[in-house]
Amino acid sequence: MLEHSTNIRVRYADTDMMGVVYHTNYAIYFEVARTEMFREYQLPYAEMEKNGIRLPVVDLHCRYIKPALYDDLLTVTAKIKQMPGVRIVFEYTIENQRGELLCTGETTLVFTDINTGRPVRAPQYVEEVLQRYFE
C-alpha cells in the first residue's frame, strides 16, 4: 500500500453562505492529495503528460461526515491499495486539525494515451516505482 498526506488550509473562497466548505471543493482537495502523492514519489503528472499519458477521473465518490470550516487546517490522506493496471484507484480521508474525520472518498482514474484518448496500461516506469510498495 502507498499512502501520503497533504495539508490544505480552507480558504474563505472555499466556503458557502453557511460557512462550510462547499461540497465540490472536496474533489479539488482529493486532486491536490493525489498529485502531491505522485510528486512525492517522483511521478509528477507533468512528466506523465510529457510521456504521452493522461489520467482522467472516471469515477468519484465522497461521503461527508462533518463539515470543514473556514481556516481549518485539513490533512488529506491519499492511499493506493493495489497495483494499477489500466485503472488506478485512490482512497481518501480528510481530517481537521483536531483529528476529526470529516470526509472519506474514492476516485478511479484511467491511464490514457494523450493522442488517441484510448485507455492504456500504466506505463512501465510507473509500475516500477509503485511495485516496491506492494510486495
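Residues numbered from 1 in each chain as written. Predicted model: local features only at pLDDT ≥ 70, side-chain atom pairs only at ≥ 80, totals over all residues. Heavy atoms only, no water.

(A) The side chain of Asp14, seen in detail. When you line up the elements, Asp14 lands in the loop between β1 (2–9) and α1 (25–40). On the basis of relative accessible area, Asp14 is assigned to the buried category, the value being 3%. With near-sequence residues (within four places) excluded, Asp14 lies in contact with Arg9, Val20, Val21, Tyr22, Asn25 and Tyr29. (Helix = DSSP H or I, 4+ residues; strand = E, 2+ residues; numbered from the N terminus. Buried < 20%, exposed > 50% of the residue type's maximum accessible area, 1.4 Å probe, protein only. Contact = heavy atoms within 4.5 Å.)

(B) A look at the pairing of strand β6 (residues 101–110). Of all the 10 residues making up β6, seven are buried; the element is thus mostly covered by neighbouring parts of the structure. Across seven bridges, strand β3 (residues 57–64) lies against β6 in antiparallel orientation. Within β6, the residue paired with Val57 across the bridge is Leu109. Across nine bridges, strand β5 (residues 87–95) lies against β6 in antiparallel orientation. What sits directly across from Thr93, in β6, is Thr104. As consecutive antiparallel partners, β5 and β6 are separated by five residues, and within that stretch Gly99 has a phi angle of approximately 80°, a positive value. (Pairing = 2+ DSSP bridges.)

(C) How the structure looks around the packing of aromatic side chains. For the structure on display, the rule yields eight aromatic pairs. Summarising the aromatic geometry, the rings of Tyr12 and Tyr70 are spaced 5.6 Å apart at their centres and angled 85° between planes, so their arrangement reads as edge-to-face. Here Tyr12 is found in the loop between β1 and α1, whereas its partner Tyr70 is found in the loop between β3 and β4 (73–80), with 58 residues between them in sequence. (Phe/Tyr/Trp six-rings, centres within 6.5 Å; stacked < 30°, edge-to-face > 60°.)

(D) Spatial organisation of the environment of Val89. Structurally, the position occupied by Val89 is in strand β5. Taking the relative accessible area as the measure of exposure, Val89 reaches 25% and is therefore partly exposed. In this structure the C-alpha to C-alpha distance between Val89 and Asp14, which are 75 residues apart in sequence, comes to 26 Å. Apart from residues no more than four positions distant in its own chain, Val89 is found in contact with Lys79, Ile80, Glu106, Thr107 and Thr108.

(E) Structural detail: unusual backbone geometry. The phi torsion at Gln42 lies on the positive side, around 60°, for a residue other than glycine. Using a relative accessible area of 63% as the deciding quantity, one classes Gln42 as exposed. Despite not being glycine, Asp71 shows a phi value in the positive range, around 75°. The partly exposed category is assigned to Asp71, whose relative accessible area is 41%.

(F) Fine view of helix α3 (residues 124–131). When α3 is considered as a whole, its buried residues turn out to be Val126, Glu127, Val129 and Leu130. Along α3, the residues classed as buried sweep out an arc of 165° about the axis, all on the same side. Those residues of α3 that are exposed and aimed more than 90 degrees away from the buried face are Gln124 and Glu128. Where α3 is buried, its residues meet β1, α2 (45–50) and β5. (Arc of directions from axis to C-beta.)

(G) Looking closely at the nonpolar core. One finds Tyr29, Phe38, Ile88 and Ile94 to be the most contacted residues of the largest nonpolar core, which totals 33 residues. In this structure, Ile94 is in contact with Tyr26, Tyr29, Phe30, Leu74, Thr75, Val76, Glu100, Leu101, Leu102 and Cys103, ignoring residues within four places of it in sequence. (Core = buried A, V, L, I, M, F, W, Y, C linked by side-chain atoms within 4.5 Å.)

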